[in-house]
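Letter by letter, the chains look like this.
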Amino acid sequence: MSSAQAHLELRGLNKTYPNTESPAVDSIDLNVAEGELVALLGPSGCGKTTTLRMVAGLLDPSAGEIVVNGKDLVGTPVHKRGMGMVFQSYALFPHMTVAENVGFGLQMRKLPRKEVKDRVQEALAMVQLDHLAQRRPAALSGGQQQRVALARALVVEPTLLLLDEPLSNLDAKLREAMRREIKQIQQRLGTTTLFVTHDQDEALDMADKIAIMHNGVIAQYAPPEEIFDRPATRFVATFVGKANFIEATEVVGRGGGRYRVSSDLLGTLEVEGVEGIEAAEDAALVVRPHRLGVRRRGESSAPQIGGEIVPGGPVVPGRVVDSAYTGNVRSLVVDVPDGQQIMIDELTVRDRALAIGDEVEIAFDPDDAFLVGSR
Amino acid sequence: MSAAKTTQGTPGAAPGDTSRPAPLLPGRGNRSRTRWELLALLIPGLIGLLLAFILPVLAMFRMSLNEHGTAGALVETISIASYQAVLSDPFYWQVIWNTLVMGFGCALAAVVLSYPLALFLVRTTSKWKGVLIALAIAPLLTSAVARTFGWIAILGDQGMINSVLLALGVVETPLRMNNNMFGSTVALVEILMPYSILAMISGFGRLNPALEEAAGSLGASKFKVFTKVTLPLTLPGIFTGFLLVFVLAISAFVTPRLMGGGRVFILATEIYNEATQTLNWPLASALAMILLVVFGLFILLYQRAVKRIDQG
């Protein structure tokens, strides 16, 4: 099985349902390079599934273009788009065997019997289900059904592979195994893939690039590390991972995305941030809970737990008000002077536990703070 | 009808499908007790069936073995004279034939007319869905007798259609649409359609919009989606609707009697005639038993068909 690598571009794609005020998908642009796996990530109702259904041809856009390999597909009916889609419910045909399900797309393309048979065999071998070819979908486990759905979508050598929350019906262990399997198959075939999910771990793990969607627009489109370390908006920072926000009182641009930021809590720091922030109003420093170091007050050069305490970095006093233990991580909530609460995730160390009521000092490396604007 | 209902309820359970996980039964110790408790729940229904169905049928079977005396008196005996009388008389063969033709005609027409409606009602996402379904079966609120009279007013010689055609000069003499098989069938189809719509709606459970979308995404045109996915998945519902209308049509009495004007000879009307006019109860019972056998045969055929669909 091979794949003609396709390039997908969405231009001003818009979907406004009748009798609604705001569009479900608000004129988005998205560029997916050949062979890339792009995740559309966002909370329910953010427009990610609507976007995927428009690309598939299951929904007509209100405006905009869906360009695959330079050709606008708006108006092309779903059965002529040549894409492969895996549905959340898998949508396997219950009245057909596994082999008939996988062969359906090839039959529709009127390929000779022999070729259909060979390619079905090959696709089922790829997902390690060749021994179940004559079973009915109802006789398969969830993970097996998922793999049949994947084989059925890929056997037609689609221009694009579209995945709609494909792992959400599997249990946690199986989900992680399937992530790897899908990613490996996708990389081997090099099929350009658009993947809808509400699960940030899934997106961070699998995607080459993630488009974070919120209220019908793309809040950020970047590789996973950049989404996590340099969130474009407060929404992105809260939706992917946990985030502490420290409100800025004064922001001075230093050019090249660097700022001198003052805040009541931390004094004045020199940090990186989203480009183009001009005012302190609504601007805030994002600090991830696991990048904060914490020590009991008075332990001057304590063996720091979790993040590294950098000499010369800001140190903030506080008191532990909540502590949640999850095995490898202890999540603390600490009251700090300006009335705010700071979340800290520290890796657990044997025989050392900060308890509720403990007076502590929080410290961090200013390079781990990132300034986001009002958007 | 109970046979149709139970079969239709389990289209997913393909017999012979050994890979299906075993039902979750409680532990071994409780197993027999649970089974007895479940059987006990059936007892009230079984008593009802015994009193209201099985005993009367047995009594009717016994009656069919009696003889009709020359003076019209009932002769208690054991004989198959009534069956011989029915089966050796070409008239009754014609009656059986008429009954089957009418049953098939009604079932076919009702299914063809109901299918698009049922499909629409199952698929619509309108907030009026509940109201629309209620409207589709609302005709059941009016008695079949009243609706039959309505059809006489429409199809009769001086009825709506003929009056219009005569007034427009399209026809010279009224079209014969009443007092015959045509009128009976038209009225029965309309009267029985709510049942086929209901049966189909409940039989379309395996249909899922994602399946049709999946077929489309794999390259199937709208027509192919219908023939390869929609139709096969709705077949159990179609069969249930067909069987339901068929058995209701061949057992219908009021509508064929009124619309037929005594000129439509089917089993139900003949049983009535023999039982109340000729007072030949053994013959009426024999005819009723034959009707029952026809029922049984078709339910058997239906179950085979459904089994075949499930097994592919």
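Computed from a predicted structure; not experimentally measured.

What follows is about the overall build of chain B. The number of helices and strands found in chain B is 13 helices and two strands. Burial analysis of chain B (312 residues in total) assigns 39% to the buried set. With an accessible surface of roughly 17200 Å², chain B has 70% of that area assigned to carbon and sulfur atoms.

With that settled, consider the pairing of strand E7 (residues 160–164) of chain A. Residues and elements named next belong to chain A. Extensive coverage of E7 is indicated by the burial of five of its five residues. Of the two faces of E7, the one lined by Leu 160, Leu 162 and Asp 164 and the one lined by Leu 161 and Leu 163 are each fully buried. Pairing geometry for strand E6 (residues 84–86) and E7, over three bridges, is parallel. If you follow Gly 84 over to E7, its bridge partner there is Leu 161. Relative to strand E8 (residues 192–197), E7 runs parallel, the two being bridged by five bridges. Across the sheet, residue Leu 163 finds its bridge partner in E8, namely Phe 195. In this fold, the crossover linking E7 to E8 by way of helix H5 (residues 172–189) has right-handed handedness.

What follows deals with the interface of chain B and chain A. On the side of chain A, 23 residues touch chain B, which itself brings 23 residues to the contact. When chain B packs against chain A, the two sides together hide about 2000 Å² of surface, and 65% of this comes from carbon and sulfur. Per-residue buried area on chain B facing chain A is highest for B:Glu213, B:Ser217 and B:Leu218; these three make up 32% of the total on that side. A salt bridge links B:Glu213 to A:Arg53; the shortest N-O distance between them is 2.5 Å. Of all the elements in the fold, those that place two or more residues in the side of chain B that touches chain A are helix H9 (209–217), helix H10 (222–251) and helix H13 (281–311) of chain B.

Turning our attention to the environment of A:Ala222. Residue and element names in this part refer to chain A. Looking at the secondary structure, you find Ala 222 in strand E10 (residues 217–222). Separated by 14 residues in sequence, Ala 222 and Asp 208 place their C-alpha atoms 8.5 Å apart. Discounting chain neighbours no more than four positions away, the residues touching Ala 222 are Lys 209, Ile 210 and Ile 227.

What follows covers the UniProt feature "transmembrane region" (unreviewed entry) in chain B. Residue and element names in this part refer to chain B. Mapped onto this numbering, the UniProt entry gives "transmembrane region" (unreviewed entry) at residues 38–61, 95–119, 131–154, 181–201, 231–254 and 281–302. Between the C-alpha atoms that bound residues 181–201 there is a distance of 29 Å. The span itself is 100% helix and 0% strand. Taken end to end, residues 231–254 is 92% helix and 0% strand, and its two terminal C-alpha atoms sit 34 Å from one another.

Residues and elements named next belong to chain B. The N-to-C vectors of H9 and H10 enclose an angle of 160°; their axes lie 10 Å apart at closest approach. Taken together, the axis directions place H9 and H10 in an arrangement best described as roughly antiparallel. Our pair here, H9 against H10, has a crossing hand that is right-handed. Residues Leu 211, Glu 212, Ala 215 and Gly 216 of H9 touch H10, and the partners they reach there are Val 225, Val 229, Thr 230 and Leu 233. Split by residue class, the contact of H9 with H10 holds five nonpolar, two polar and one charged.

Turning our eyes to something else, we now look at the domain arrangement of chain A. By the assigned domains, chain A splits into domain 1 (8–229) and domain 2 (242–375). The C-alpha-based centres of domain 1 of chain A and domain 2 of chain A are spaced at 39 Å.

Looking now at the sheet that holds E7(A). All names here are of chain A. Overall, mixed pairing links the six strands, which are arranged E6-E7-E8-E3-E9-E10 in an open sheet. For this open sheet the edge positions go to E6 and E10, each flanked by a neighbour on one side alone. Each adjacent strand pair in this sheet contributes to an overall mean axis angle of 15°, direction not counted. Together, strand E3 (37–41), E6, E7, E8 and strand E9 (209–214) form the strand contacts of helix H1 (residues 48–56), whose direction differs from that of E7 by roughly 145°.

Below, the discussion takes up the pattern of salt bridges. All names here are of chain A. What the rule picks out here adds up to 24 salt bridges over all chains. Across the salt bridge formed by Asp 118 and Lys 114, the nearest N and O atoms sit 2.9 Å from each other. Of this pair, Asp 118 and Lys 114 both sit in helix H3 (residues 113–126), four residues apart, which is roughly one turn of the helix. Using a relative accessible area of 41% as the deciding quantity, one classes Asp 118 as partly exposed.

Right, let's get into the environment of A:Glu36. All names here are of chain A. Mapped onto the elements, Glu 36 comes out in the loop between strand E2 (25–32) and E3. Sequence separation of Glu 36 and Leu 194 is 158 residues, and the distance between their C-alpha atoms is 8.4 Å. If we skip the residues at most four places from it in the chain, Glu 36 touches Asn 31, Gln 186, Thr 191, Thr 192, Thr 193, Asp 208, Lys 209 and Tyr 221. Within polar-contact distance, the side chain of Glu 36 engages the backbone nitrogen of Ala 33 at 3.0 Å.

Residue and element names in this part refer to chain A. Phi at Ala 91 takes a positive value of approximately 50°, unusual for a residue other than glycine. Along the chain, Ala 91 turns up in the loop between E6 and helix H2 (98–108). Under the relative-accessibility criterion, Ala 91 is labelled buried at 3%. The phi angle at Gln 128 is positive, at roughly 60°, despite the residue not being glycine. Among the structural elements, Gln 128 can be located in the loop between H3 and helix H4 (142–154).

With that out of the way, let us pick up the confidence of the model for chain B. Regions with low pLDDT carry predicted coordinates that are not meant to be interpreted in detail. Counting all residues, the mean pLDDT for chain B is 86, and 89% of those residues have values of 70 or more. Taken together, the stretch residues 1–27 of chain B has pLDDT below 50 and engages in 27 contacts with residues farther than four places along the chain or on a different chain.

Taking the numbering used here, the UniProt-annotated feature "domain: ABC transmembrane type-1" (unreviewed entry) corresponds to residues 96–302 of chain B. Helix makes up 77% of residues 96–302 of chain B and strand 0%, with an end-to-end C-alpha separation of 20 Å.

Okay, the nonpolar core next. All names here are of chain A. Membership of the largest hydrophobic core comes to 141 residues, with the highest contact counts inside it found for Leu 8, Val 55, Phe 93, Phe 104, Leu 162, Leu 194 and Ile 212. Apart from the residues lying within four places of it in its own chain, the contact partners of Val 55 are Leu 8, Leu 10, Ile 66, Arg 81, Met 83, Leu 160, Leu 162 and Leu 194. Of all hydrophobic cores here, the second largest spans 37 residues; its members include Ala 237, Ile 246, Ala 283 and Ile 342.

Glancing now at the side chain of A:Gln146. Residues and elements named next belong to chain A. With respect to the element layout, Gln 146 can be found in helix H4. Judged by its relative accessible area of 0%, Gln 146 is buried. For Gln 146, the contacting residues outside a window of four places in its chain are Val 86, Tyr 90, Pro 166, Leu 167, Leu 170, Met 178 and Ile 182.

Cut-offs used in this document
- Residues numbered from 1 in each chain as written.
- Chains lettered and ligands numbered in written order.
- Predicted model: local features only at pLDDT ≥ 70, side-chain atom pairs only at ≥ 80, totals over all residues.
- Heavy atoms only, no water.
- Helix = DSSP H or I, 4+ residues; strand = E, 2+ residues; numbered from the N terminus.
- Buried < 20%, exposed > 50% of the residue type's maximum accessible area, 1.4 Å probe, protein only.
- Areas by Shrake-Rupley, 256 points an atom, 1.4 Å probe, with all protein chains shown as cover.
- Pairing = 2+ DSSP bridges.
- Right-handed = clockwise from strand over helix to strand, strands pointing away.
- Contact = heavy atoms within 4.5 Å.
- Buried area = accessible area lost by both parts, 1.4 Å probe.
- Salt bridge = Lys/Arg side-chain N within 4 Å of Asp/Glu carboxyl O.
- UniProt positions renumbered as here; feature names shortened; annotations may be inferred.
- Axes fitted to C-alpha atoms, helices over the stretch in contact; angles between N-to-C directions.
- Parallel < 35°, antiparallel > 145°, perpendicular 65-115°, else oblique.
- Left-handed = near helix turned anticlockwise from the far one by under 90°.
- Nonpolar A, V, L, I, M, F, W, Y, C, P; charged D, E, K, R; others polar.
- Domains from an automatic or database assignment.
- Polar contact = N/O pair within 3.5 Å; in protein donor to acceptor, adjacent residues only side chain to side chain.
- pLDDT = per-residue confidence, 0-100.
- Core = buried A, V, L, I, M, F, W, Y, C linked by side-chain atoms within 4.5 Å.

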